[in-house]
Amino acid sequence: MPRQILVTGATGTVGRHVTRQLVEAGAGVRALSREPADLPPAVEGVRGDLTVPGSLGAAVEGVEAVFLVWPFASAEGLEPVLAMIAEHARRVVYLSSAAVRDHERQAERLVAGSGLQWTVLRPHAFAANALRWTGQIRTGDVVREPYGRAAMSPVHERDIAAVAVRALTGDGHDGAVHELTGPQSLTQAEQARVIGEAIGRPVRWEETSPQDARRSMLARGWPAEAVDGVLRAQAEMTGGPAPVTATVERVTGSAARTFRSWAAEHAHAFRATMRAARIHSYGGPEVVRHEEAPLPSPGPGEVLIRVAATSFNPSETALRAGMLRAVLPVALPYTLGWDVSGTVAAVGSGVTGWAPGDRVIGRLDGGGTAAEYVTAPADVLAAAPSAIPLADAAAIPVAGLTAWQALFEHAQVGAGRRVLINGAGGGVGGFAVQLARHAGATVIATAGPRSAAAVRALGADQVVDYTVEPLPGEVDAVINLAPITPDAAAELAALLRPGGVAVSITVPLPSPFSGHFVTRNDPAQLSRLVRLVDAGDLAVDIAESHPLAELASIHHRSETGRTRGKIILVP
């Protein structure tokens, strides 16, 4: 692994993915920029200007490889930059293009003659080029441009970066020219249709004349030479399917991502609205509406998440009914949901720990997760587990954190302790049973007939059907997770040994050593839960999965006592 790698264009379409993937690969990464830039914490930012080779000294010192983006329409000035690089580095990976325009051809010759080990990347059409249609698609259902039959094989920017990282860090790429495409040839009209499928409404192509397109592009500030080059290239692509290479899979070992997957990741960019489950007033389950809502944008320190799933928590029925307005006031209309699992779709300014495409989970105290997209503070999220489906991971945050804090912060449950978990058949109870067992405690769990088998399967040493059996005494800790009467609370407290601890997330228990708490957000604990899931030490038991549109019926069933365990809802 190279000791240090310099990335130019580190905040660009490809460079930001190169930077992140190098960090994930364990490389030391230095990023060159003319101005201060938002970079991941592990990346060293250095100032320098490619047009002033003398300013690059600090950037290239100690560097062994360079990812080179030359963002100019001329190769003039590149030779002294390469000479500066060659004084320190031994390898350069140059991002060219499949068009190999005159200045790119000249740049490739200079790179090959630099005395460095070199690799050239020639990506065909970037999938990200489709972002130029965002304005048209957000405000309508038509893309109006010429050459709808122009065929190309769009390549995902993350795949370009993955090939670059292999060339920067591995052997066997010296003197290679890698032609990079996506796995399928698509016309521009077909790409527009795929984007429509990703955003859930039809998008069609309407052919316009090249002359009209030229006038429009010039009016938006495009240089005339660039406009003519783009239109000429598109005209040349109308003759048949575009070439498709297997280079991405050959170099990285993974199949190239499809344009459909790119469109799904970037659907937020083409939408002005999303579907969400909201309330406009307090009341019964009927006030929950599944409707169109404005698509949020991430602010400073926030990320936009494409929601894979949220999960239902019974306490949301109290919020919806207005019973929590004194302690948890919300602005109406309010989007429900506190749990989220999903994929980062965009990041706001100042966010360095996450990048688009990252799989995350989190508890959002402000709600909003019962939707197709939600914004979240970057610092409350944790990487999602890889051992279970991403949607299932939505069951972890609220319930998992509640169980963790009840057991280990408040009841001090550990090896050799005898713990009674009352209400083990609920979502929190399933996690509490497993975590207590993993800590070495003896677990006695109460569960009704519908939940007993599931609780036993999660590892309870003894399952008591509270509807017909007495509860055993002489326990070191009581964890109450159920809404109970004062008399029942007194009965639970009476089961404790002298010095035993009672913890409740509902009504307080009458004990000298009793605690009633409200779960707090803790991403570090959430990450520990994820590690247990990935290690196979913590199962995520999903009782039911439903479309988000059915949330109102879930509220109704919960209030009538006809739900158990964790229920996830998928947008």
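Fair warning: this is a prediction, and the values are worked out from it, not measured in the lab. (Residues numbered from 1 in each chain as written. Predicted model: local features only at pLDDT ≥ 70, side-chain atom pairs only at ≥ 80, totals over all residues. Heavy atoms only, no water.)

Some points on the overall build of the protein
What the protein contains, in helices and strands, is 19 helices and 27 strands. On the principal axes, the C-alpha backbone points of the protein span a range of 85 × 50 × 40 Å. Out of the 571 residues belonging to the protein, those deemed buried represent 54%. Looking at the protein alone, contacts between residues at least 24 apart form 71% of all its contacts between residues at least 6 apart. Carbon and sulfur atoms form 52% of the exposed surface of the protein, whose accessible area is close to 23900 Å². (Helix = DSSP H or I, 4+ residues; strand = E, 2+ residues; numbered from the N terminus. Buried < 20%, exposed > 50% of the residue type's maximum accessible area, 1.4 Å probe, protein only. Contact = heavy atoms within 4.5 Å. Areas by Shrake-Rupley, 256 points an atom, 1.4 Å probe, with all protein chains shown as cover.)

Things to note about empty space enclosed by the protein
Tallying each qualifying case throughout the model produces two cavities of 30 Å³ or more. Per-element accounting of the lining of the largest cavity gives the leading share, four residues, to helix H15 (residues 427-438). Split into classes, the residues belonging to the lining of the largest cavity amount to eight nonpolar, seven polar and three charged. Estimated volume of the second largest cavity: approximately 40 Å³. If you go around the second largest cavity, the residues you meet are Leu6, Thr8, Leu32, Leu50, Leu56, Val60, Val66, Leu68, Val81 and Ile85. For the lining of the second largest cavity, the elements supplying multiple residues, two or more each, are strand S1 (5-8), strand S4 (65-68) and helix H3 (78-86). (1 Å grid on protein atoms, 1.4 Å probe; cavity = no way out; pocket = protein on both sides within 12 Å on 5 of 7 lines; lining within 4 Å. Points joined across faces, edges and corners; volume = space filled by probe spheres on them. Nonpolar A, V, L, I, M, F, W, Y, C, P; charged D, E, K, R; others polar.)

Examining the environment of Gln211
For Gln211, the position within the fold is in helix H8 (residues 210-219). Residue classification places Gln211 among the partly exposed positions, given a relative accessible area of 48%. Spatially, the C-alpha atoms of Gln211 and Pro146 are 9.0 Å apart, while their sequence positions differ by 65 residues.

Regarding helix H14 (residues 397-410)
The end-to-end C-alpha distance of H14 is 18 Å, a good match for the 20 Å that 14 residues give at a rise of 1.5 Å each. Judged by how many residues are buried, H14 sits mostly within the fold: 11 of 14 residues are covered. Of the residues trailing H14, Gln412 is marked for its positive phi of about 50°. (Expected span 1.5 Å × (residues − 1).)

Some thoughts on the environment of Ala58
Here Ala58 shows up in helix H2 (residues 57-60). By relative accessible area, Ala58 is classed as exposed at 53%. Linking Ala58 and Leu32, residues 26 residues apart in sequence, is a C-alpha distance of 9.9 Å.

Describing the sheet that holds strand S15 (residues 334-335)
Two modes of strand pairing occur in sheets, parallel and antiparallel, and in both the strands are linked by backbone hydrogen bonds. Ordered by their spatial adjacency, three strands build an open sheet running S13-S12-S15, and the pairing between neighbours is antiparallel. The sheet is open, and its two borders are formed by strand S13 (288-294) and S15, each paired with just one other strand. By the bridge criterion, two bridges tie strand S12 (residues 273-279) to S15 in an arrangement that is antiparallel. Counted as the bridge partner of Ile279 is Tyr334 from S15. (Pairing = 2+ DSSP bridges.)

Description of the pairing of strand S5 (residues 91-95)
Here S5 lies mainly inside the structure; five of its five residues are buried. In S5, alternate side chains face the same way, and those of Arg91, Val93 and Leu95 on one face and Val92 and Tyr94 on the other are all buried. With four bridges joining them, S4 and S5 adopt parallel strand pairing. Paired with Val66 across the two strands is Val92, which belongs to S5.

Notes on the nonpolar core
Ranked by size, the top nonpolar core spans 51 residues in total, and within it Ile396, Val419, Ile421, Val433 and Ile479 carry the most contacts. Looking at this core, the elements that each hand over two or more residues are H14, strand S20 (418-422), H15, strand S21 (442-446), helix H16 (452-457), strand S23 (475-480), strand S24 (496-504) and helix H18 (523-534). Ignoring sequence-local partners within four residues, the contact set of Ile479 consists of Ala406, Leu407, Ala411, Val419, Leu420, Ile421, Asn422 and Val503. (Core = buried A, V, L, I, M, F, W, Y, C linked by side-chain atoms within 4.5 Å.)

Describing the pairing of strand S2 (residues 29-33)
Of all five residues that make up S2, five are buried, and the element is covered over most of its length. Alternating residues of S2 divide into Val29, Ala31 and Ser33 and Arg30 and Leu32, and every residue in both groups is buried. Two elements, S1 and S2, share four bridges in a ladder whose sense is parallel. Its bridge partner being in S2, Thr8 is matched across the sheet by Leu32. Here S2 runs beside strand S3 (residues 43-47); their pairing, made up of five bridges, is parallel. Counterpart to Ser33 in the pairing with S3 is Arg47.

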